[in-house]
Amino acid sequence: MQPLSTKKADTMTDQTNQPKLATNRILWLFAIGQLGWSMLSAIISNWLVYYYQPGASMLSQGHQLFITQGAVFLGLTIIGMITAGGRIFDAVTDPLIASKSDRCTHRLGRRIPFMRFAAIPFGAATILIFVSPVQGTSAVNNIFLAVMVLIFYLCMTCYCTPYNALIPELGRTQKLRINVSTFISVTYFFGTAFAYLVPNIAGIFKGSLGVTNAFRLTIGILAIVAVICMLVPSFTIKEHEYANTTPSTTPAFKSLLKTFGNKEFQTFVKSDMLYWIALTMFQTGLPFYITELMKLGDGMIFPLFALMTFLSFVFYVPVNVLAKKLGKKRLVVFAFLFFAVAFAVTTVVGLFGVPGIVWGVIVAVLASIPMAILGIVPQAIVADIAEADAIQTSEKREGMFYAARTFAFKLGQSVAMLLFTSIALIGTGGMGYRITALVAAVFCLLGGLVFMRYHESDIFKVIGTETKPTSARE
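Residues numbered from 1 in each chain as written. Predicted model: local features only at pLDDT ≥ 70, side-chain atom pairs only at ≥ 80, totals over all residues. Heavy atoms only, no water.

A.B. asks: Could you clarify how one ought to interpret the overall build of the chain in this entry?
C.D. replies: Of regular secondary structure, the chain possesses 18 helices and two strands. For the chain, the C-alpha radius of gyration of 23 Å lies close to 23 Å, the compact-globule estimate for 474 residues. Over its C-alpha atoms, taken along the principal directions, the chain stretches across nearly 85 × 45 × 40 Å. Buried residues in the chain amount to 58% of all 474 residues. (Helix = DSSP H or I, 4+ residues; strand = E, 2+ residues; numbered from the N terminus. Rg over C-alpha atoms; globule rule 2.2 N^0.38 Å. Buried < 20%, exposed > 50% of the residue type's maximum accessible area, 1.4 Å probe, protein only.)

Now the structure itself:
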């Protein structure tokens, strides 16, 4: 029999070796990083096509053209092929970076070193995307833009993939998992909202710099703020205290195959890819829906998005509570169907004699509810699946699960960019923009139908019955 003192010492050692549970303060410091990267991501998602394939309202303000316009190959556009190519490159690099992060043996941990390294280049690439080396339309600008987009997405992967892999580590209980998902959803929406301020801030400088240079200066200012935010969790969170930093030993390709071999994850990914096709088409089209279909000035883009965001926040608390009580599956299916309705309504904005601002408010209200749900719950679902897989396989591959998810949805975003930039050219009077909203509605509806096949109860059985919502049934 061991002496009592020895047993006590062993117990203390075991407790010391266990990572601490993250406090809300740590979770908020972590969420500030998402404020930064979501700002940069939203700048590219919302303004890249608007800047390089401008509509009539942008051109009327004196904006210049820098890259080849119109369809150039099989109905595809230069900007569509560049953005889609960037997303495909991003998707391919995701599992590679995830594997390096999972296997990292750095003294600071498996995730933090990548986040520190990538933040500044990430911001610099965002700025350079909007700085064309040649005045006017030029093949040189086409090539420069393509290269900078690739660099942007590489930097984004180097920051976001390790960042997302920390979510299940910091959220090691169902309560913490929902909390961290809620916090990063809040900062995600603020980051996206700041990105929508580009026309408003640029308006301050437009008189002295012109619309194009004012646009560039604004993006430079926002990028600097974003980099500072991304560095906050990198220097304030000690990964070893809150996360298991034991490296994985599985090579990248094998790890990716194992991850996609998880049947519940397969269902989630299929649904998620359809959702991101729909959402990316809608986000890319939003400035065009407001300026070309609703006939409002680009200064109204931010107020309408702010309204949508504020209403989403109103639903954050009930979503947080309902996710814990009812389970995540029901909420996600409902959100898919509700978002499909919002996208469908967007197809008729500007018609029937209804003022544009009224249409804008209607779309904002309809979209706010599913935005609240899909901003919080999917991240927690991936964490559930990753935890269940770790229990079943005895191998922690959180980074690869999040990378596999982003691998899939970025392929979806690539499809969305090709579809949007080509469909937008159809017809006249904004007909192409209306069709993009209809296509988005169809993809979102399909995503909801696919997700109905997700077996949430099976996941809860693996990770522990104590985490199962009291009223969740399938």
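A.B. asks: Please explain a nonpolar patch on the surface as it appears in this structure.
C.D. replies: A grouping of Leu337, Leu438, Val442, Leu445, Leu446, Leu449 and Met452 is seen on the molecular surface, where their side chains present a nonpolar patch of about 600 Å² in accessible area. The greatest single-element share of the nonpolar patch, amounting to five residues, is contributed by helix α17 (residues 431-451). As for its placement among the helices and strands, Leu445 is situated in helix α17. Note on Leu445: relative accessible area 39%, which makes it partly exposed. (Patch = residues over 30% accessible without salt bridge, like charges linked within 9 Å, V, L, I, M, F, W, Y side chains within 5 Å. Areas by Shrake-Rupley, 256 points an atom, 1.4 Å probe, with all protein chains shown as cover. Salt bridge = Lys/Arg side-chain N within 4 Å of Asp/Glu carboxyl O.)

A.B. asks: How should helix α15 (residues 356-393) be read in this particular structure?
C.D. replies: A turn of α-helix holds 3.6 residues, and therefore any two residues three or four places apart point the same way. Counted at 1.5 Å a residue, the expected span for α15 with its 38 residues is 56 Å, and the 54 Å between its end C-alpha atoms agrees. Residue Ser368 marks the point of greatest curvature in α15, where the axis turns by about 30°; the proline Pro370 follows within four residues. For α15, the buried fraction is high: 27 of the 38 residues fall into the buried class. A positive backbone phi angle near 60° is found at Ser394, which sits one or two residues after α15. (Expected span 1.5 Å × (residues − 1). Bend = angle between axes of the 7 residues up to and from the residue.)

A.B. asks: Would you mind showing me how to read the side chain of Thr212 here?
C.D. replies: Within the element layout of this structure, Thr212 appears in helix α9 (residues 198-236). When residues no more than four places from it in sequence are discounted, the contact partners of Thr212 are Tyr51, Gly62, His63, Gln64 and Phe66. (Contact = heavy atoms within 4.5 Å.)

A.B. asks: Is there a simple way to think about the environment of Leu76 in this case?
C.D. replies: Along the chain, the position of Leu76 falls in strand β2 (residues 76-77). Its relative accessible area of 22% is what places Leu76 among the partly exposed residues. When the C-alpha atoms of Leu76 and Ala388 are compared, they prove to be 42 Å apart, with 312 residues separating the residues in sequence.

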